[in-house]
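Listed below, chain by chain, are the residues.
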There are 2 protein chains.
Amino acid sequence: MVQIIKGNIIFTDTPNKFEILNDSYIIYEDGIILDVVTDLEDKYYDIDIDDYGNSIIIPGFYDLHVHSGQYSQCGVGLDLPLLKWLKKYTYESEIRCEDPVYARKLYEKFSRDLLSYGTLGAVVFSTTSYEATEILFEEFIRTGIRGYIGMVEMERNAPEYILKDLDYAMDMIESLINEYSSNKLVKSIITPRFAPTSTREGLKRLGALAKKYKVPVQSHLDESEEEVEWVRSLYGKDYAMVYDEFGLYGDSPTLMAHGVYMTDNEIELTRDKGVILVHCPDSNINLSSGIMHSKELIEKGVRIGLGTDMAGGHKLFMGEVMVRAIQLSKLLTLQDGMKSEPLSLAESFYMATVVGGGFFGKLGKIKKGYEMDCLIIDDDEINKEIYSLEDRLSKFIYIGDDRWIKKRFVSGVDLY
Amino acid sequence: MVQIIKGNIIFTDTPNKFEILNDSYIIYEDGIILDVVTDLEDKYYDIDIDDYGNSIIIPGFYDLHVHSGQYSQCGVGLDLPLLKWLKKYTYESEIRCEDPVYARKLYEKFSRDLLSYGTLGAVVFSTTSYEATEILFEEFIRTGIRGYIGMVEMERNAPEYILKDLDYAMDMIESLINEYSSNKLVKSIITPRFAPTSTREGLKRLGALAKKYKVPVQSHLDESEEEVEWVRSLYGKDYAMVYDEFGLYGDSPTLMAHGVYMTDNEIELTRDKGVILVHCPDSNINLSSGIMHSKELIEKGVRIGLGTDMAGGHKLFMGEVMVRAIQLSKLLTLQDGMKSEPLSLAESFYMATVVGGGFFGKLGKIKKGYEMDCLIIDDDEINKEIYSLEDRLSKFIYIGDDRWIKKRFVSGVDLY
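What you see is a predicted model; the values in this text were computed from it and never measured. (Residues numbered from 1 in each chain as written. Chains lettered and ligands numbered in written order. Predicted model: local features only at pLDDT ≥ 70, side-chain atom pairs only at ≥ 80, totals over all residues. Heavy atoms only, no water.)

### Examining a negative patch on the surface
- On the surface, Asp23(A), Asp46(A), Asp48(A), Asp50(A) and Asp51(A) cluster together to form a negatively charged patch.
- Tracing the sequence through the fold places Asp23(A) in strand E2 (residues 17-29). (Patch = residues over 30% accessible without salt bridge, like charges linked within 9 Å, V, L, I, M, F, W, Y side chains within 5 Å. Areas by Shrake-Rupley, 256 points an atom, 1.4 Å probe, with all protein chains shown as cover. Salt bridge = Lys/Arg side-chain N within 4 Å of Asp/Glu carboxyl O. Lys, Arg positive; Asp, Glu negative; His and termini not counted. Charge placed at Lys NZ, Arg CZ, Asp CG, Glu CD. Helix = DSSP H or I, 4+ residues; strand = E, 2+ residues; numbered from the N terminus.)

Below is the structure:
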């Protein structure tokens, strides 16, 4: 059935410029946008239009890196250095998900909060628990948002209680791939925690599984200097090359979180194999990891999306992540004597919508042929009187929260 | 009349450590805390106790640097460099306040939003408009929060339309000082915008006014490199020394926003004259100004409070400001190879409560003899089950918002 909504449409088609369509119509059917027009043709005269007046219609946000098992912990213990933080809080948070009652409560809240903040798709590290991962799938499906969900594979270099036997983990991961392979919105993703917690054998088998089922891959890459050295001492090569050796670097669609410390060879490989780096700016400063050279990497042809990295990052709202990406980029510009340009608002918006959405399908733009995911934003009266549409969007990103979002559409379905 | 509330009390008495009193009582009368105890004496048996159960009781927040006239503009235009941003947005925002209907609407929202986010006192740059400044006084008084409000003095180096004649400005500022001198919660503060927009004559007369009425002083200091050079070219000396020459640097209680680029002489003068620097981390990165060496300055004996610097900063919630101060401090630590320690959560909390509150009076601690300003915080069930009180507070600061604040007391009065 053809449906139509009306409002002020704004999105990015190219990375550095907003497309603005005031008082325009989105015509869609079966979750796909048929057309976006400013003047409606006569043939639609008998269709009821949902008119959102002076509200703003934007694409949804897509969080490309988030740890569901750490969601209870956001904002806690961030005075601690990384390794103490992991040990005192993070592994403890994750193991708590072995309790299905707790996992259900946490993941129900997690899924609902994502939707509520306008994140219409998330690529998630679950934990090493098969049961909790299944609960997460169920809660995403119940909430109606898009997801790539990965049961985490880790067999060494972490407390014994959180590790799983490789054979068991491989069976469970394969079983989840099969179980959800026909789901339209929520699917599996191969998820080694990071190179140091897998063995060569583990990485090899995960690579083979990704190939067998054509399933995407996610992991961590070049997050902190100490970690990079560790990987080199374990595998004797650059970090990205470790994943690449085992078919885990761009042979199927691949996300790598962080990329703060990339060698030239890694940058080249990343660009050539179309691996998407996930910039998680809050996490990188909370954990004193460093600043990703986002603008420089983009100029070198690398695709970069955004992630909250909950609970290294602390805020679930992707607007916060965009702002922090811009702020860190400004600090790099300041460091090099203002010779480079920082990320613009449009660029960071493009990362959160077009690059993020692109990982899930034809998503992230409000254009003919794209899937019908969008948010309706309503700001206050003072704004509407004074500011341009682009300024109003800027305001939502800088100071908005879930309360500004009036409607959330996924694949044409009005959720909530 | 003696009143008692009960809950989990947490505050900082010294900069680097939280004081925690589980299930304890605050006994207060006429806005002053008589005692804080874990076991209640029998003599209070007939007083009704407001029991907030497992909620957290903390001091209020005090924002030491905020521009009310820019409040409509928060989050807008931050891709622009400072001077273009000022011209396109900021002066336009401020001049709009000449319209009393607009000013009333904006300041009503501003005052209400401050309270709602737990900011129980704010030191405000109004605009050059006398009428709007008066409206701001009225709205603060109506809302019930504490304020130091300054009508901004500027006579040169900005668009003609926003400047005021010095004689007129001095008369109006003096009139506001007199008008509100007996108000308990809201008072005047001498407010030259910054050295470049005042003449020597203007600074001299403002210094004399501060002395005559024993009124505090606020302005901007060492915010960006370009600005510091400008001040030197105009006055031929260090920035702080300009204010000092005219009795505007610590002769009465003084706040100086930013202090990113301080010379050793300025640091010494600041410490010796007890001037409080106001760290506005979001503003400093949004406008690509630089990173204040907050931890180092504190170690050198300088007192530092926190400010949102709305609309250079974009968030009104002081928790955000605390987090950004910690994050920027971590980046400095990272730059010096992790040799220094970054600001801790307790330190940044101390800045927002004890240093901030201290500017207003005996405030910022939940202790006998202090004024009874506090917030009641209620977090979610998952938190309460798992985390310590300090972790729960951390969470409120990192991810909380106005919805977490259940009650706001100013001078013993439950507002809202």
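### Topic: helix H3 (residues 130-143) of chain A
All names here are of chain A.
- When the terminal C-alpha atoms of H3 are compared, their 20 Å separation across 14 residues agrees well with the 20 Å that a helix rising 1.5 Å per residue should span.
- Among the 14 residues that make up H3, 10 are buried, leaving the element largely enclosed by the rest of the structure.
- Of all the positions in H3, only Tyr130, Ala132, Thr133, Glu134, Ile135, Leu136, Phe137, Glu139, Phe140 and Thr143 are classed as buried.
- Taken together, the buried residues of H3 touch helix H2 (100-116), strand E6 (119-125), strand E7 (146-150), helix H4 (166-179), strand E9 (186-188) and strand E17 (413-415).
- Two or three places before Glu131, at the start of H3, stands the capping residue Ser129, its side-chain oxygen 3.4 Å from that residue's backbone nitrogen. (Expected span 1.5 Å × (residues − 1). Buried < 20%, exposed > 50% of the residue type's maximum accessible area, 1.4 Å probe, protein only. Contact = heavy atoms within 4.5 Å. Polar contact = N/O pair within 3.5 Å; in protein donor to acceptor, adjacent residues only side chain to side chain.)

### What to know about the interface of chain A and chain B
- Facing 54 residues of chain A, the contacting portion of chain B comprises 54 residues.
- Across the chain A/chain B interface, buried area totals approximately 4200 Å², and carbon plus sulfur atoms make up 52% of it.
- Broken down residue by residue, the surface that chain A buries against chain B is led by Lys330(A), Ile382(A) and Tyr398(A), which jointly contribute 13%.
- At the boundary of chain A with chain B, the tally comes to 8 salt bridges.
- Among the ionic pairs, Arg403(B) bridges to Asp402(A), the shortest N-O distance being 2.7 Å. (Buried area = accessible area lost by both parts, 1.4 Å probe.)

### Some remarks on the layout of surface pockets
- A volume near 840 Å³ is recorded for the second largest pocket.
- Looking at the second largest pocket, it is lined by 39 residues, and the ones nearest its centre are Leu78(A), Asp79(A), Leu80(A), Pro81(A) and Pro342(B).
- For the lining of the second largest pocket, the secondary-structure elements that each account for two or more residues are helix H1 (82-96) and helix H6 (225-235) of chain A together with strand E2 (17-29), helix H11 (318-335), helix H12 (345-360) and helix H14 (389-399) of chain B. (1 Å grid on protein atoms, 1.4 Å probe; cavity = no way out; pocket = protein on both sides within 12 Å on 5 of 7 lines; lining within 4 Å. Points joined across faces, edges and corners; volume = space filled by probe spheres on them.)

### As for unusual backbone geometry
- With an omega of 10 degrees, the peptide bond between Met310(A) and Ala311(A) qualifies as cis.
- Along the chain, the position of Ala311(A) falls in the loop between strand E14 (303-306) and helix H11 (318-335).
- Unlike most non-glycine residues, Asp30(B) shows phi in positive territory, near 50 degrees.
- Mapped onto the elements, Asp30(B) comes out in the loop between E2 and strand E3 (32-37).
- Judged by its relative accessible area of 66%, Asp30(B) is exposed.
- Look at Asn157(B): it is not a glycine, yet its phi comes out positive at around 55 degrees.
- Relative to the helices and strands, Asn157(B) resides in the loop between strand E8 (152-153) and helix H4 (166-179).
- Taking the relative accessible area as the measure of exposure, Asn157(B) reaches 38% and is therefore partly exposed.

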